[in-house]
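Below are the chains, spelled out letter by letter.
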Amino acid sequence: MSKKSQREISEEPAKENGLHSKPKKDHASMKIVFKSLSIIVICVILGIWSEISRFYSFSQAHGLRYWSYKEFFPAVIAMLLIFFYRYSAEYLLRGWIDKILDNVKYKGEERASHIKRMTKWVCDIIFYTLTTLFGYWVLWGTKYLPAELGGSGKCSASLESYPFQEDTPYIREYYLLQIGNHMFAFFDNLLFKRGERNFYEMMLHHILALSLTMMSFQLNLVHVGSIVLIIHDPGDIFLCISRFYSDSKCKKMSVLICIFILNLFVWIYLRLYVFPSCVIFYFFKTYFSFTPEAFSVFRFTVGLIIAKQVLLISMHIYWVIIMGQRAFSTLVRKKKIRTCLLYTSDAADDLLCVDLGGRRIIKKK
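Residues numbered from 1 in each chain as written. Predicted model: local features only at pLDDT ≥ 70, side-chain atom pairs only at ≥ 80, totals over all residues. Heavy atoms only, no water.

Asks: Help me get a handle on the overall build of the protein, residues and values and all.
Replies: The number of helices and strands found in the protein is 11 helices and 0 strands. Listing each helix as α and each strand as β along the protein from the N terminus yields α-α-α-α-α-α-α-α-α-α-α. A burial count over the protein gives 47% of its 365 residues as buried. Once local pairs closer than 6 in sequence are excluded, the contacts in the protein between residues at least 24 apart make up 74%. (Helix = DSSP H or I, 4+ residues; strand = E, 2+ residues; numbered from the N terminus. Buried < 20%, exposed > 50% of the residue type's maximum accessible area, 1.4 Å probe, protein only. Contact = heavy atoms within 4.5 Å.)

Printed below as a string of structure tokens:
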């Protein structure tokens, strides 16, 4: 084999056919879009946030529960604990991840950076599994956990009689834990991932997620907000499982395809069906059924929440399309090559296969 790295070899055909220019242009265009949307969303949030004081006045006048900024202190504590959990897990899991990470696909500096990503995926799998279980424990038996999510309630009940809603035990603790996690994700991306390719894409997502959870908490929209959180967490679990398994050296293509299809189904069902039909639709319905007094209080804040939800589901559609394209390209590519051994260092001298990233490794003689 020549002295050129495997990546250089894999990129030569693409360079000869001029296949690199279009993806770079597409990425630059999307970067501008995500950056512009992030700035717009931040400006709108700062302009509208003062409207929350109108909700406080309305709540005091009608004897409603509302949560002030002081209530976010437990969320800050949760953020710090999550920070400690994730970075200590990165240190503790490094050796185990290094043993199961694909030895051929990742080497050198790329291997070290990918070990960090895989530890993050393990932490995400554990965390989102626990938050999903916690969320179901809190909401189980309530009238607003809909049948679409395995409950016995109705979607419309999450906004029924809003803003005059009853409290649910432990829902505050569940919500503040989720806010703490979104705080961590926002600051982690802002402070430590500025050089990554999808920085602005993830920045927009974290801004939307954090502002939605914080604003819904302050506006006492925790019933419907909890449904939104439960809708999103399972998708992150299966996405991290598929990413982690695809980069392990002992993966089997049949198992990987099943995980990927399951992940795609969960995303489409929960984020593209349940989210708009069970949350966004009833937000619109509630928005236009407010009394004149309530509408004067909620017209900007609830309207902004609806707008951010629409933007969030647009990002979900974008991500589902990308996942579908990758799944299709992987399936088509695998049909064109012969069966390969597992990607281990022992197999490196015997085979030449194409991995999930599309890089050429070693081919059967």
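Asks: With reference to specific residues and values, describe the state of the cysteines.
Replies: By the definition in use, this model includes 1 disulfide. The partner cysteine of Cys155 in its disulfide is Cys278, sulfur to sulfur 1.7 Å. Disulfide Cys155-Cys278: torsion about the S-S bond near -100°, hence left-handed. Placement of the pair is Cys155 in the loop between helix H5 (108-139) and helix H6 (171-192) and Cys278 in helix H9 (residues 253-287), with a sequence separation of 123 residues. Take Cys155 and Cys278: they sit in the same class, and that class is buried. (Disulfide = S-S within 2.5 Å.)

Asks: Give me the packing of aromatic side chains: which residues, what numbers.
Replies: Scanning all chains against the criterion turns up 19 aromatic pairs. Consider the rings of Phe281 and Tyr282, whose centres lie 5.0 Å apart with planes at 85°: the pair is edge-to-face. On the basis of an interplanar angle of 85° and a centroid distance of 5.2 Å, the ring pair of Tyr287 and Phe288 is categorised as edge-to-face. Cluster of aromatic residues (ring-pair linked, three or more members): Phe83, Tyr87, Phe184 and Phe192. Seen from the ring of Phe127, Arg86 lies directly overhead, with NZ or CZ sitting 5.7 Å from the centre. For the cation-ring pair, Arg271 lies above Trp267, with the distance from its terminal atom to the ring centre recorded as 3.9 Å. (Phe/Tyr/Trp six-rings, centres within 6.5 Å; stacked < 30°, edge-to-face > 60°. Lys NZ or Arg CZ within 6 Å of the ring centre and 35° of its normal.)

Asks: Describe the nonpolar core, with residues and values.
Replies: Among the nonpolar cores identified, the biggest contains 78 residues, and Ile179, Phe283 and Phe298 are the most heavily contacted of them. Ignoring sequence-local partners within four residues, the contact set of Phe283 consists of Leu159, Leu221, Val224, Val302, Ile305, Ile306 and Gln309. (Core = buried A, V, L, I, M, F, W, Y, C linked by side-chain atoms within 4.5 Å.)

Asks: Talk me through the side chain of Ser38; I want residue IDs and the actual numbers.
Replies: For Ser38, the position within the fold is in helix H2 (residues 21-48). Contact partners of Ser38, with chain neighbours within four places excluded, come to Tyr200, Met203, Leu204 and Ile207.

Asks: How would you sum up the packing of H6 against helix H7 (residues 199-218)? Please name residues and give values.
Replies: Taken N-terminus to C-terminus, the directions of H6 and H7 make an angle of 155°; their axes are 9 Å apart at the nearest point. In terms of their interaxial angle, H6 and H7 are classed as roughly antiparallel. Considering the relative orientation of H6 and H7, their crossing is left-handed. Contacts between H6 and H7 involve Arg172, Tyr175, Leu176, Ile179, His182, Met183, Ala185, Phe186, Asn189 and Leu190 from the first element and Phe199, Met202, Met203, His206, Ile207, Ala209, Leu210, Thr213, Met214, Ser216 and Phe217 from the second. Of the residues that constitute the contact of H6 with H7, the class distribution is 15 nonpolar, 5 polar and 1 charged. (Axes fitted to C-alpha atoms, helices over the stretch in contact; angles between N-to-C directions. Parallel < 35°, antiparallel > 145°, perpendicular 65-115°, else oblique. Left-handed = near helix turned anticlockwise from the far one by under 90°. Nonpolar A, V, L, I, M, F, W, Y, C, P; charged D, E, K, R; others polar.)

Asks: Tell me what's going on with helix H3 (residues 52-62), and back it up with residues and numbers.
Replies: All of the buried residues in H3 are Ile52, Phe55, Tyr56, Phe58 and Ser59. Buried residues in H3, looked at end-on, bunch into an arc of 165°, giving them a common side. Of the residues in H3, the exposed ones pointing more than 90 degrees away from the buried face are Gln60 and Ala61. Following H3 by one or two positions, Gly63 has its phi on the positive side, about 70°. (Arc of directions from axis to C-beta.)

Coordinates in, geometry out; function isn't part of it.
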